[in-house]
Amino acid sequence: MSDYIVRATAADANIRAFAVTSREMVETAREDHMTTPVMTAALGRLLSAGAMMGAMMKGDKDIITLQIQCSGPAKGLTVTADSHGNVKGFAINPQVELPLNAAGKLDVGGALDLGILTVIKDMGLKEPYSGQCELKTGEIAEDLTYYFATSEQVPSSVGLGVLMNKDNTVKCAGGFIVQVMPFIEDEVLNKLEANIQKIQSVTSMLDNGHTPEQMLEQVLEGLDLEITDTMPAQ
């Protein structure tokens with residue numbers, strides 16, 4: 001199955017949601033940049049997020065850039081995406097090697113450590129929009145959740161994951177972004193929060209064969225999910 005992005009709404013359009021499967025995209029980046037496993041995971045998460053955030057843009061020529069500058073050995077990452085599912089990116093230091101973290105996972109947070117996430121949106125206006133936040137964990141999904149809350153004032157939940165094979169190729173990759181609108185009812189919000197607490201990790205869902213649609217069905221269970229469209233990502 002080729003990579004693609006799903007756009008959806010739920011709870012009478014009080015929630016908007018995006019999900020992506022991005023194995024081929026991340027594997028291509030791994031081959032092109034010869035990234036180590038931890039940097040494949042870091043770049044893969046940011047590429048997946050960039051693809052979905054590009055899909056949020058309205059204009060045909062809109063471009064979004066996600067830039068991480070950090071104090072860890074990774075030094076930084078840059079990803080640029082358009083509104084049509086096309087994405088590219090690179091790591092400043094693709095050759096970081098680190099032991100697994102305490103949870104036995106690739107230590108993306110250790111590779112990035114402290115730093116700044118900058119999001120630049122070029123929507124054809126005189127000046128591009130730019131928002132910034134500090135990295136909270138360096139794990140990227142939590143950092144983007146924090147960015148949306150602080151810079152865009154949109155309460156969001158971001159899940160991202162990259163799972164590697166034993167031979168260090170990419171087994172699966174993808175993620176979701178769920179955002180709530182300003183006047184959402186408390187009971188809808190509580191239901192959404194309860195769903196997010198109980199879902200499996202993104203890598204577990206993808207490894208179990210979940211499509212982006214099925215990921216959103218879990219995240220938005222009981223909230224009248226409506227898939228609005230899908231588009232290829234590469």
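Keep in mind that what you see is a predicted model, and the values were worked out from it rather than measured. (Residues numbered from 1 in each chain as written. Predicted model: local features only at pLDDT ≥ 70, side-chain atom pairs only at ≥ 80, totals over all residues. Heavy atoms only, no water.)

A.B. asks: Could you give an account of helix α4 (residues 141–151), with specific residues and numbers?
C.D. replies: Inspection of α4 places A141, D143, L144, Y147, F148 and S151 among the buried residues, and these make up the whole buried set. The buried residues of α4 all sit within an arc of 160° when viewed along its axis, so they share a single face. Looking at the buried residues of α4, the elements they touch are α2 (37–55), β6 (115–122), β7 (129–134), β8 (156–164) and β9 (170–180). (Buried < 20%, exposed > 50% of the residue type's maximum accessible area, 1.4 Å probe, protein only. Helix = DSSP H or I, 4+ residues; strand = E, 2+ residues; numbered from the N terminus. Arc of directions from axis to C-beta. Contact = heavy atoms within 4.5 Å.)

A.B. asks: Lay out unusual backbone geometry in plain terms, naming residues and giving numbers.
C.D. replies: The phi dihedral of M34 falls on the positive side, at around 50°, and the residue is not glycine. You can see M34 is positioned in the loop between α1 (23–33) and α2. Residue K75 is not a glycine yet carries a positive backbone phi of 70°. K75 sits in the partly exposed class, given a relative accessible area of 49%.

A.B. asks: Tell me what's going on with the sheet that holds β8, and back it up with residues and numbers.
C.D. replies: The strand order across the open sheet built from five strands is β8-β9-β2-β1-β10, with neighbouring strands paired in antiparallel fashion. Because the sheet does not close on itself, it has two edges, and the strands there are β8 and β10 (226–232). This sheet shows a mean twist of 10° between the axes of neighbouring strands, independent of strand direction. Packing against the sheet, helix α5 (residues 186–198) makes contact with β2 (15–21), β8 and β9, and its axis sits at approximately 165° to β9. (Pairing = 2+ DSSP bridges. Axes fitted to C-alpha atoms, helices over the stretch in contact; angles between N-to-C directions.)

A.B. asks: How would you sum up the side chain of S157? Please name residues and give values.
C.D. replies: Assignment of secondary structure puts S157 in strand β8. Judged by relative accessible area, S157 falls into the buried class, the value being 15%. Beyond its immediate stretch of four places on either side in the chain, S157 contacts T145, F176, I177, V178 and I196.

A.B. asks: Kindly report on the pattern of salt bridges, identifying the contributing residues and their values.
C.D. replies: Summed over all chains, the structure comprises seven salt bridges. E27 serves as the salt-bridge partner of R30, at 2.7 Å between the closest nitrogen and oxygen. One end of the pair is R30 and the other is E27, both in helix α1 and three residues apart, which spans about a single turn. Per residue, the accessibility class of R30 equals that of E27, and both read buried. (Salt bridge = Lys/Arg side-chain N within 4 Å of Asp/Glu carboxyl O.)

A.B. asks: Give me the lowdown on the packing of aromatic side chains, citing residues and values where you can.
C.D. replies: Following the criterion strictly, the structure yields one aromatic pair and no others. In this structure, K136 is placed above the aromatic ring of Y146, and the distance from its NZ or CZ to the ring centre is 4.6 Å. (Phe/Tyr/Trp six-rings, centres within 6.5 Å; stacked < 30°, edge-to-face > 60°. Lys NZ or Arg CZ within 6 Å of the ring centre and 35° of its normal.)

A.B. asks: So what about the environment of K61? Which residues, and what values?
C.D. replies: On the secondary structure map, K61 appears in the loop between α2 and β3 (63–70). Note: C-alpha distance between K61 and E97 (36 residues apart in sequence) is 37 Å.

A.B. asks: An account of the pairing of β7 is needed here, citing residue identities and associated values.
C.D. replies: Two strands pair when backbone bridges link them, and β6 and β7 are joined in this way by six bridges, in the antiparallel orientation. If you follow K121 over to β7, its bridge partner there is Y129. Here β6 folds back onto β7, and the loop between the two strands holds six residues, one of which, G124, carries a positive phi near 80°.

A.B. asks: Give me the pairing of β6: which residues, what numbers.
C.D. replies: Here β3 runs beside β6; their pairing, made up of eight bridges, is antiparallel. The partner of L66 across the bridge, within β6, is V119.

A.B. asks: Requested: an account of a negative patch on the surface, with residues and values cited.
C.D. replies: Residues D12, E185, D186, E187, D224 and E226 make up a contiguous surface patch of negative charge. On the basis of relative accessible area, E226 is assigned to the exposed category, the value being 51%. (Patch = residues over 30% accessible without salt bridge, like charges linked within 9 Å, V, L, I, M, F, W, Y side chains within 5 Å. Areas by Shrake-Rupley, 256 points an atom, 1.4 Å probe, with all protein chains shown as cover. Lys, Arg positive; Asp, Glu negative; His and termini not counted. Charge placed at Lys NZ, Arg CZ, Asp CG, Glu CD.)

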